[in-house]
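Residues per chain are reported as follows:
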Amino acid sequence: MGPIWPSYYGDCHCLLFMMDAANPTQLSASCVQLLGLLSAEGLAEASVLILFNKIDLPCYMTIEEMKSLIRLPDIIACAKQNITTAEISAHKGTGLSEVMHWLQDTHRPDR
Ligand SMILES: Nc1nc2c(ncn2[C@@H]2O[C@H](COP(=O)(O)OP(=O)(O)OP(=O)(O)O)[C@@H](O)[C@H]2O)c(=O)[nH]1
Ligand SMILES: [Mg+2]
């Protein structure tokens with residue numbers, strides 16, 4: 001789906017980027033896509049929520065190890081966007097209220 005994402009950049013205020021915490025082999029590819037989004041001109045003003053999904057599954061690496069591996073602190077420091085992270089399970093609903101609160105706080109009509 002990545003190639004058609006730019007069609008949706010216009011008027012995008014909030015960006016939810018989901019990474020699969022149970023699939024570390026996808027981590028570098030996800031990171032490259034994330035960097036592409038963060039450097040896109042049309043998304044410079046967007047607020048970004050990075051979701052580490054599938055935390056209910058057994059995982060080879062901890063979320064902290066994944067964040068460190070993709071150098072997330074450096075990405076956050078260098079990005080134009082305001083970036084937040086959350087650990088969730090779409091399957092069990094873990095973290096859903098956190099995501100809803102983020103959307104409520106971030107997506108204000110006057111923004
Ligand atoms: N256990 C668990 N399963 C999930 C969760 N979120 C999605 N799934 C399941 O994951 C499957 C979909 O795979 P995903 O990896 O999300 O889909 P995708 O990223 O579009 O596909 P790939 O590119 O093949 O990884 C479905 O069977 C979902 O029910 C979760 O939080 N926990
Ligand atoms: Mg997947």
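Residues numbered from 1 in each chain as written. Chains lettered and ligands numbered in written order. Predicted model: local features only at pLDDT ≥ 70, side-chain atom pairs only at ≥ 80, totals over all residues. Heavy atoms only, no water.

For the chain, an unreviewed UniProt entry supplies the name ADP-ribosylation factor-like protein 16 and the organism Vulpes vulpes.

When helices and strands are counted, the chain shows four helices and three strands. Relative to the globule expectation of 13 Å for 111 residues, the C-alpha radius of gyration of the chain, 14 Å, shows essentially globular dimensions. Per-residue burial for the chain yields a buried fraction of 38% across its 111 residues. Within the chain, contacts between residues separated by at least 24 positions form 75% of all contacts whose residues are at least 6 apart in sequence. When the accessible surface of the chain is totalled, it reaches about 7,100 Å², and 56% of it is carbon and sulfur. (Helix = DSSP H or I, 4+ residues; strand = E, 2+ residues; numbered from the N terminus. Rg over C-alpha atoms; globule rule 2.2 N^0.38 Å. Buried < 20%, exposed > 50% of the residue type's maximum accessible area, 1.4 Å probe, protein only. Contact = heavy atoms within 4.5 Å. Areas by Shrake-Rupley, 256 points an atom, 1.4 Å probe, with all protein chains shown as cover.)

Let us look at the pairing of strand β2 (residues 47-53). For β2, the buried fraction is high: seven of the seven residues fall into the buried class. Burial of the side chains of β2 extends over both faces: S47, L49, L51 and N53 are buried on one face and V48, I50 and F52 on the other. Pairing between strand β1 (residues 14-20) and β2: seven bridges, direction parallel. Within β2, the residue paired with M19 across the bridge is F52. Since β1 and β2 lie parallel, the crossover through helix α1 (residues 27-38) that links them has a hand, and here it is right-handed. Pairing geometry for β2 and strand β3 (residues 82-87), over six bridges, is parallel. (Pairing = 2+ DSSP bridges. Right-handed = clockwise from strand over helix to strand, strands pointing away.)

UniProt records the feature "binding site: GTP" (unreviewed entry) at N53, K54, I55 and D56, using the numbering of this structure. Positionally, N53 belongs in strand β2. Judged by relative accessible area, which is 7%, N53 ranks as buried. In this structure N53 touches M18, M19, D20, A21, A22, I88, S89 and A90, once residues within four positions along its chain are discounted. (UniProt positions renumbered as here; feature names shortened; annotations may be inferred.)

A rise of 1.5 Å per residue sets the reference length of α1, with its twelve residues, at 16 Å; its end C-alpha atoms lie 16 Å apart and thus fit the reference within 8%. Taken together, the buried positions of α1 are L27, S30, C31, L34, L37 and L38. Seen along its axis, α1 keeps its buried residues to an arc of 120°; they face one direction. Away from the buried face of α1 by more than 90 degrees, exposed residues S28 and V32 are located. (Expected span 1.5 Å × (residues − 1). Arc of directions from axis to C-beta.)

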